[in-house]
Amino acid sequence: MWMARPMLGWGLGNFPEAYPQYRSFYTNLFVNQAHNDYVQLVVEMGAVGFAIALWFLVRMYYAAATKLGNWASNINGALTLVALLGCTGILVHSLVDFNLEIPANAALFYVLCMLCAMEARFPLLHHRSSLRQHSDSTGLSA
């Protein structure tokens with residue numbers, strides 16, 4: 001399918017219409033999605049659309065990597081790490097399923113991407129030192 005229209009593909013959402021003429025087996029069942037989001041993206045959007053999606057992911061991972069620094073003591077880094085793990089999980093799952101074709105999954109993915117790419121918003125918290133100061137002022141020892 002990709003070889004027939006390599007640059008611009010078949011058009012977003014046209015996989016069910018284009019697939020029957022390329023399938024390698026006969027069936028009366030309606031195949032509405034490829035069970036791989038990447039294959040479906042390259043078939044529907046071609047090399048141009050796939051390159052744009054790849055650019056989006058590279059920029060998101062780069063923005064996230066710049067905030068990961070000291071994630072164990074920085075709330076911004078910890079939030080980015082959690083969002084990055086969620087994005088990565090969804091992207092790995094996309095290898096064997098069409099989970100980004102489900103609107104709720106796609107919305108969750110883009111919210112996680114936004115959390116990865118946004119600039120640091122939360123002030124640095126010095127949690128351990130504030131606990132130590134609090135216990136010293138109350139006379140309690142840890």
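See above for the structure.
The sections below set out a description of the structure shown in this document.

The rules behind these values
- Residues numbered from 1 in each chain as written.
- Predicted model: local features only at pLDDT ≥ 70, side-chain atom pairs only at ≥ 80, totals over all residues.
- Heavy atoms only, no water.
- Helix = DSSP H or I, 4+ residues; strand = E, 2+ residues; numbered from the N terminus.
- Contact = heavy atoms within 4.5 Å.
- Areas by Shrake-Rupley, 256 points an atom, 1.4 Å probe, with all protein chains shown as cover.
- Axes fitted to C-alpha atoms, helices over the stretch in contact; angles between N-to-C directions.
- Parallel < 35°, antiparallel > 145°, perpendicular 65-115°, else oblique.
- Nonpolar A, V, L, I, M, F, W, Y, C, P; charged D, E, K, R; others polar.
- Left-handed = near helix turned anticlockwise from the far one by under 90°.
- Patch = residues over 30% accessible without salt bridge, like charges linked within 9 Å, V, L, I, M, F, W, Y side chains within 5 Å.
- Salt bridge = Lys/Arg side-chain N within 4 Å of Asp/Glu carboxyl O.
- Buried < 20%, exposed > 50% of the residue type's maximum accessible area, 1.4 Å probe, protein only.
- Lys, Arg positive; Asp, Glu negative; His and termini not counted.
- Polar contact = N/O pair within 3.5 Å; in protein donor to acceptor, adjacent residues only side chain to side chain.

## Things to note about the overall build of the protein
Then step 1. The secondary structure content of the protein amounts to 5 helices and 0 strands.
Then step 2. Walking the protein from its N terminus toward its C terminus, one meets helices and strands in the order α-α-α-α-α.
Then step 3. Within the protein, residue pairs in contact and separated by at least 24 positions form 63% of the contacts whose partners lie at least 6 positions apart.
Then step 4. If you sum the accessible surface of the protein, you get close to 9,700 Å²; carbon and sulfur atoms cover 68% of it.

## Here we look at the packing of helix α2 (residues 37–67) against helix α4 (residues 103–117)
Then step 1. Relative to each other, α2 and α4 sit at 45°, their axes nearing to 7 Å. Here α4 runs oblique to α2, going by the angle between their axes. Residues F56, L57, M60, A63, A64 and K67 of α2 pack against F109, Y110, C113, L115, C116 and A117 of α4.
Then step 2. Considered class by class, the residues forming the contact of α2 with α4 number 11 nonpolar, no polar and 1 charged.

## A word on the side chain of N99
Then step 1. Among the structural elements, N99 can be located in the loop between α3 (75–93) and α4.
Then step 2. Look past the residues within four positions of N99 in its chain and what remains in contact with it is D37, I90, H93, S94, N105 and A106.

## A short note on the packing of α2 against α3
Then step 1. Where α2 contacts α3, the two axes come as close as 11 Å, and the packing angle between them is 160°. By the angle between their directions, the pair α2 and α3 is classed as roughly antiparallel. Like other packed secondary-structure pairs, α2 and α3 cross with a definite hand, here left-handed. For the pair α2 and α3, the contacting residues are Y38, L57, M60, Y61, A64 and K67 in the first and G77, T80, L84, C87, T88, L91 and V92 in the second.
Then step 2. For the contact of α2 with α3, the class distribution of residues is 9 nonpolar, 3 polar and 1 charged.

## Focus: a nonpolar patch on the surface
Then step 1. A cluster of nonpolar side chains, namely M7, L8, V48 and I52, defines an oily patch on the protein surface of about 400 Å² accessible area.
Then step 2. Within the fold, M7 resides in the segment before α1 (15–18).

## Quick look at the side chain of E44
Then step 1. Along the polypeptide, E44 turns up in helix α2.
Then step 2. Buried and unpaired, E44 has R5 as its nearest opposite-charge partner, separated by 11 Å.
Then step 3. Here G13 takes part through its backbone nitrogen, which lies 3.2 Å from a polar atom of the side chain of E44.
Then step 4. With residues near it in sequence (within four places) discarded, E44 still touches L8, G9, W10, G11, L12, G13, N14 and F15.

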